Amino acid sequence: MSDKKLWSGRFSEPTDAFVEAFTASVEFDQRLYRYDIQGSIAHATMLAKAGILTVEERDTIIAGLQQIQAQIEAGQFEWSVELEDVHMNVESRLTSAIGDAGKKLHTGRSRNDQVATDVRLYLRDEIETIRAEILRLQQALLDKAEQEADTIMPGFTHLQTAQPVTFGHHLMAWFEMLERDRERLADCNKRVNIMPLGAAALAGTTYPIDRYYTAELLGFARPSENSLDSVSDRDFAIEFSAAAALIMMHLSRMSEELIIWSSAQFNFVDLSDSFCTGSSIMPQKKNPDVPELVRGKTGRIFGHLMSLLTLMKGQPLAYNKDNQEDKEPLFDTVDNLKGSLKVFADMIPAITCKPDSMREAAMKGFATATDLADYLVRKGTPFRDAHEVVGKAVALGVSKGCDLADLSLEELRGFSEQIDDDVFQVLTLEGSVAARDHIGGTAPAQVRAAISRARQRLDSE
Ligand code: ARG
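Residues numbered from 1 in each chain as written. Predicted model: local features only at pLDDT ≥ 70, side-chain atom pairs only at ≥ 80, totals over all residues. Heavy atoms only, no water.

With an unreviewed UniProt entry as reference, the protein is termed Argininosuccinate lyase, source organism Sedimenticola thiotaurini. In the Catalytic activity (unreviewed entry) part of its UniProt record, the protein is described as follows: "2-(N(omega)-L-arginino)succinate = fumarate + L-arginine". Under the UniProt heading Pathway (unreviewed entry), the note attached to the protein is "Amino-acid biosynthesis; L-arginine biosynthesis; L-arginine from L-ornithine and carbamoyl phosphate: step 3/3." (UniProt positions renumbered as here; feature names shortened; annotations may be inferred.)

What follows is the structure in structure tokens.
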């Protein structure tokens, strides 16, 4: 194919074949075609309004672009590496289809403001999809938390049994992480949704363009303030990447818990067969591949954040070709983030929890020791002394191989005269969780209240 380069005017020698392939981005930036065409249609519409194009030229351009979009979507568009990127592939095809009007489309713009616009349009769309996917996962967590509001499990610090909590409370902790993630993306979008188009190569353009009008056509909140900044800045993509890294960090933590909990040693949950795979050699195995893979993918997404930060560091104003390298990390982040969220939102409803094992585990690690100390404080013992007394009672339990609730009243009174018959109520798991009855606490009533506040919050959006 001999696609003439759109910038070949000042060149007397052809591009080195390897350099051509090395500098081309069409292989990966072709996925921006929809946004590129959307931006071009808005640009042509604005040019006609400003009297720079005739109405006929505008309509021919728009029809031509729509036809190209249809060809791309039908798989009939032949992408050319000689034409370097998505922008020049589309423009060149437009000109060969409609003639001279096509050559006028690029009036008053540059690929520099064009690509910045395309990426922002793309990211704005993806942010919306990702936020919807987070919401779907949150809804699944709310339903599960409601089912498990009374289910008791051990709560951990240092992965050692600490105090009993409800499984519903644990799931609502995940919900809260995701709520911040969703908010963060909404906030990030405020900075994504600003229009660079009209900045042209770097300094603006001599044509009487109407950037407010183009911004309105494209649904941007406003045109950007500074042309140099507009074509060079990629901090919106870095910010998105940072938000994505936090989401993956959260999903990775959830994954880790699901992996531990589904082991034979913990046996707290059963992951549905459809989210696990077997082993080719060990017939008994059912591996938690989905959470493992999500945990693994977290690494590449953290890596992409580093790539983008490093890509931007040290770039002088304004546009530099370095910025072409923003796309692959960004696209890979979006793809893997969406995939991870989707698989999580599908998997959560299919998790079965095993309340008996959870309960048994909660009984094991002296999870109600703090409750006994609090009991003694209510009876007048200073907290530090109570801590000491309970420590001794735990030591006795350890030596006898039993829990605090299994010690006799006589044995307990051996540590403090203030212990009476009513102590055994305090040592139950139900009593322990129900006593943490304030906003943010693990009591089943509080978990239900938190779920209902969360549902209200989501409904009011
Ligand atoms: N493919 C380029 C990119 O992704 C488009 C902008 C090219 N601009 C230029 N002056 N070479 O950044």
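The discussion continues.
Caption draft 1: Here's a closer look at the overall build of the protein. The number of helices and strands found in the protein is 20 helices and six strands. Taken over C-alpha atoms, the radius of gyration comes to 31 Å for the protein, far larger than the 23 Å a tight globule of 461 residues would show. In terms of its C-alpha atoms, the protein occupies a principal-axis envelope of roughly 100 × 50 × 40 Å. Split into buried and exposed, the 461 residues of the protein put 48% on the buried side. Across the protein, contacts joining residues at least 24 apart in sequence account for 75% of those joining residues at least 6 apart. Total accessible area computed for the protein in this model is approximately 21900 Å², and 53% of it derives from carbon and sulfur atoms. (Helix = DSSP H or I, 4+ residues; strand = E, 2+ residues; numbered from the N terminus. Rg over C-alpha atoms; globule rule 2.2 N^0.38 Å. Buried < 20%, exposed > 50% of the residue type's maximum accessible area, 1.4 Å probe, protein only. Contact = heavy atoms within 4.5 Å. Areas by Shrake-Rupley, 256 points an atom, 1.4 Å probe, with all protein chains shown as cover.)

Caption draft 2: Structural context of the packing of aromatic side chains. Considering all chains together, one arrives at nine aromatic pairs under this definition. Here W174 and W261 contribute two aromatic rings whose centre-to-centre distance is 5.8 Å and whose plane-to-plane angle is 10 degrees, an arrangement assigned as stacked. Of this pair, W174 sits in helix α8 (residues 167-192) while W261 sits in helix α11 (residues 235-261), placing them 87 residues apart in sequence. Overall, the relative accessible area of 3% leaves W261 in the buried class. Joined through ring pairs, the aromatic side chains of Y35, Y122 and F331 make up one cluster. R120 extends its terminal NZ or CZ atom over the ring of F236, reaching a point 4.0 Å from the ring centre. (Phe/Tyr/Trp six-rings, centres within 6.5 Å; stacked < 30°, edge-to-face > 60°. Lys NZ or Arg CZ within 6 Å of the ring centre and 35° of its normal.)

Caption draft 3: Molecular detail of the UniProt feature "domain: Fumarate lyase N-terminal" (unreviewed entry) in the protein. According to UniProt, the "domain: Fumarate lyase N-terminal" (unreviewed entry) feature falls on residues 9-303. Spanning residues 9-303, this segment combines 62% helix with 6% strand, and its end C-alpha atoms are found 40 Å apart.

Caption draft 4: The arrangement of the site of the ligand in detail. In the vicinity of the ligand, the contacting residues are S25, D29, D85, H87, R111, N112, V115, Y319, Q324 and K327. Between the ligand and S25 there is a distance of 3.3 Å, counted from a nitrogen atom to a side-chain nitrogen or oxygen. A distance of 2.6 Å separates an oxygen atom of the ligand from a polar atom in the side chain of K327. The biggest single contributor to the shell around the ligand is helix α7 (residues 111-147), with three residues. Of the residues in the shell around the ligand, the class split is two nonpolar, four polar and four charged. (Near = heavy atom within 4 Å. Polar contact = N/O pair within 3.5 Å; in protein donor to acceptor, adjacent residues only side chain to side chain. Nonpolar A, V, L, I, M, F, W, Y, C, P; charged D, E, K, R; others polar.)

Caption draft 5: Spotlight on empty space enclosed by the protein. With the rule as written, the count across this model stands at one cavity of 30 Å³ or more. Of the voids in this model, the largest cavity is the one considered here, and its volume is about 30 Å³. Lining the largest cavity are D36, G39, S40, R109, Q114, T117, D118 and L197. When residues of the lining of the largest cavity are traced back to their parent elements, those giving at least two are α3 (33-49) and α7. Its residues placed into classes, the lining of the largest cavity shows one nonpolar, four polar and three charged. (1 Å grid on protein atoms, 1.4 Å probe; cavity = no way out; pocket = protein on both sides within 12 Å on 5 of 7 lines; lining within 4 Å. Points joined across faces, edges and corners; volume = space filled by probe spheres on them.)

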